[in-house]
Amino acid sequence: MVHWTAEEKQLITSVWSKVNVEECGAEALARLLIVYPWTQRFFDNFGNLSSPTAIVGNPKVRAHGKKVLTSFGEGVKNLDNIKATYAKLSELHCEKLHVDPENFRLLGDILIIVLAAHFTKDFTPACQATWQKLVGVVAHALAYKYH
Amino acid sequence: MTLTQAEKAAVVTIWAKVATQADAIGAESLERLFSSYPQTKTYFPHFDLSQGSVQLRGHGSKVMNAIGEAVKNIDDIRSALAKLSELHAYILRVDPVNFKLLSHCILCSVAARYPSDFTPEVHAAWDKFLSSVSSVLTEKYR
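Everything quoted here is computed from the prediction, not taken from an experiment.

### A short note on the overall build of chain A
Of regular secondary structure, chain A possesses eight helices and zero strands. Taken from N to C terminus, the helices and strands of chain A fall in the order α-α-α-α-α-α-α-α. In terms of overall size, chain A behaves like a compact globule, its C-alpha atoms giving a radius of gyration of 15 Å where 147 residues would be expected to give roughly 15 Å. If one aligns the C-alpha atoms of chain A with their principal axes, the spans along those axes are about 45 × 40 × 20 Å.

### Observations concerning the nonpolar core
If you look at the biggest cluster of nonpolar residues, it comprises 92 residues, and the most contacted ones within it are Phe72(A), Trp131(A), Leu134(A), Trp126(B) and Phe129(B). With twelve residues, the single largest contributor to this core is helix α7 (residues 102-119) of chain A. Those residues in contact with Leu134(A) that sit more than four places away from it in its chain are Trp4(A), Ile12(A), Phe72(A), Val76(A), Leu79(A) and Ile82(A).

### Here's the deal with the interface of chain A and chain B
Counting residues at the interface gives 21 residues for chain A and 19 residues for chain B. Regarding the contact of chain A and chain B, the summed buried area is about 1700 Å², with carbon and sulfur atoms giving 62% of it. Our count for the chain A to chain B interface comes out at zero salt bridges. For the pair chain A and chain B, the interface holds eight residue pairs in polar contact (both at pLDDT 80 or more). Among the elements of the structure, α2 (21-35), α3 (52-57), α7 and α8 (125-143) of chain A are those that each provide at least two residues to the side of chain A that touches chain B. Split by residue class, the side of chain A that touches chain B holds 13 nonpolar, five polar and three charged.

### Let's talk about helix α1 (residues 6-16) of chain A
All names here are of chain A. Here α1 has its buried residues at Glu8, Leu11, Ile12, Val15 and Trp16. Projection of α1 onto a plane perpendicular to its axis shows the buried side chains occupying an angular sector of 120 degrees, all on one side. Those residues of α1 that are exposed and angled more than 90 degrees off the buried face are Ala6 and Glu7.

### Examining the environment of Glu28(B)
Residue and element names in this part refer to chain B. Looking at where Glu28 falls in the secondary structure, it is placed in helix α2 (residues 22-36). Given a relative accessible area of 13%, Glu28 falls into the buried group. With near-sequence residues (within four places) excluded, Glu28 lies in contact with Ser109 and Arg113. Side-chain polar atoms of Glu28 contact the side chain of Arg113, separated by 2.7 Å.

### Looking at unusual backbone geometry
Backbone geometry places His98(A), a non-glycine residue, at a positive phi of 55 degrees. Locating His98(A) in the fold gives a position in the loop between α6 (87-95) and α7.

### A look at the UniProt feature "domain: Globin" (unreviewed entry) in chain B
UniProt feature "domain: Globin" (unreviewed entry): in the numbering of this structure it lies at residues 2-142 of chain B. In this annotation, residues 2-142 of chain B is assigned 70% helix and 0% strand; the end-to-end C-alpha distance for the span is 22 Å.

### Points about the packing of aromatic side chains
This model, assessed by the stated rule, comprises eleven aromatic pairs over all chains. Centroid distance Trp126(B) to Phe129(B): 5.4 Å. Interplanar angle 80 degrees. Geometry classified as edge-to-face. Taken together, the residues Trp126(B) and Phe129(B), both in helix α7 (residues 120-138) and three residues apart, mark about one turn of the helix. A residue is classified by how much of its surface remains accessible, and Trp126(B), at 2% relative accessible area, is buried. For Phe129(B), a relative accessible area of 0% translates into the label buried. Sitting over the face of the ring of Trp4(A), Lys133(A) holds its NZ or CZ atom 4.8 Å from the ring centroid.

Conventions we followed
Residues numbered from 1 in each chain as written. Chains lettered and ligands numbered in written order. Predicted model: local features only at pLDDT ≥ 70, side-chain atom pairs only at ≥ 80, totals over all residues. Heavy atoms only, no water. Helix = DSSP H or I, 4+ residues; strand = E, 2+ residues; numbered from the N terminus. Rg over C-alpha atoms; globule rule 2.2 N^0.38 Å. Core = buried A, V, L, I, M, F, W, Y, C linked by side-chain atoms within 4.5 Å. Buried < 20%, exposed > 50% of the residue type's maximum accessible area, 1.4 Å probe, protein only. Contact = heavy atoms within 4.5 Å. Buried area = accessible area lost by both parts, 1.4 Å probe. Salt bridge = Lys/Arg side-chain N within 4 Å of Asp/Glu carboxyl O. Polar contact = N/O pair within 3.5 Å; in protein donor to acceptor, adjacent residues only side chain to side chain. Nonpolar A, V, L, I, M, F, W, Y, C, P; charged D, E, K, R; others polar. Arc of directions from axis to C-beta. UniProt positions renumbered as here; feature names shortened; annotations may be inferred. Phe/Tyr/Trp six-rings, centres within 6.5 Å; stacked < 30°, edge-to-face > 60°. Lys NZ or Arg CZ within 6 Å of the ring centre and 35° of its normal.

As structure tokens, this is what we get:
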């Protein structure tokens, strides 16, 4: 089980309470597909991903981004039980979706950058460190059931 | 990997703004690096790494100056950073994994200071550019 200090929990929940999950999720996924174009391999059925403008405006990208970040929120709500929270999703990503876990790390880092741009100077180094730990824990949990 | 003309333009444009706060951004990026990835501190046992330390600011400036050189010579980063490449290969020998970590922290610092300029296209260009710089700095390792 991961240990979170009171300060870390506070940094996580206070940032999360100000996050617009739909907007942030859409942005994070769009940036993942733009900055690391090979990640588009999982989204052949998303339609037009031919340019950054197309990706940002793509409704399927927006919807899926919201879905992903909503799921991330479950981890935030269950910080003391993240492995269990993502057990089923981990199996899904391995057995059905066949997603290399490296992609969870890539998306986690993109999320951090989106938060930095959103919260600017409030996203202090200490805040970033806590969130790097969180995205790392979530990525680890999502990879945990891989076989 | 090579940068397209559009990517080079994006890098140069943002650099003009970043350069005005290069020292502060350099120090902040290192602070982010040492906070998020404490193992990176192992390369600086001789430094005072407390916030605002003179050595931190000095080193941050050094790093940003080198990036500035790469921007100025964006069509031939390899030549511009040849000496630094040798330094990292033969003297410093910083494990290659750490270049990704520092690049990420630089992107965070830039995004936090210039959120409206840091569009997805600019983000992609800078990620690619820093990746290029990292490649050059590690290409003589073996």
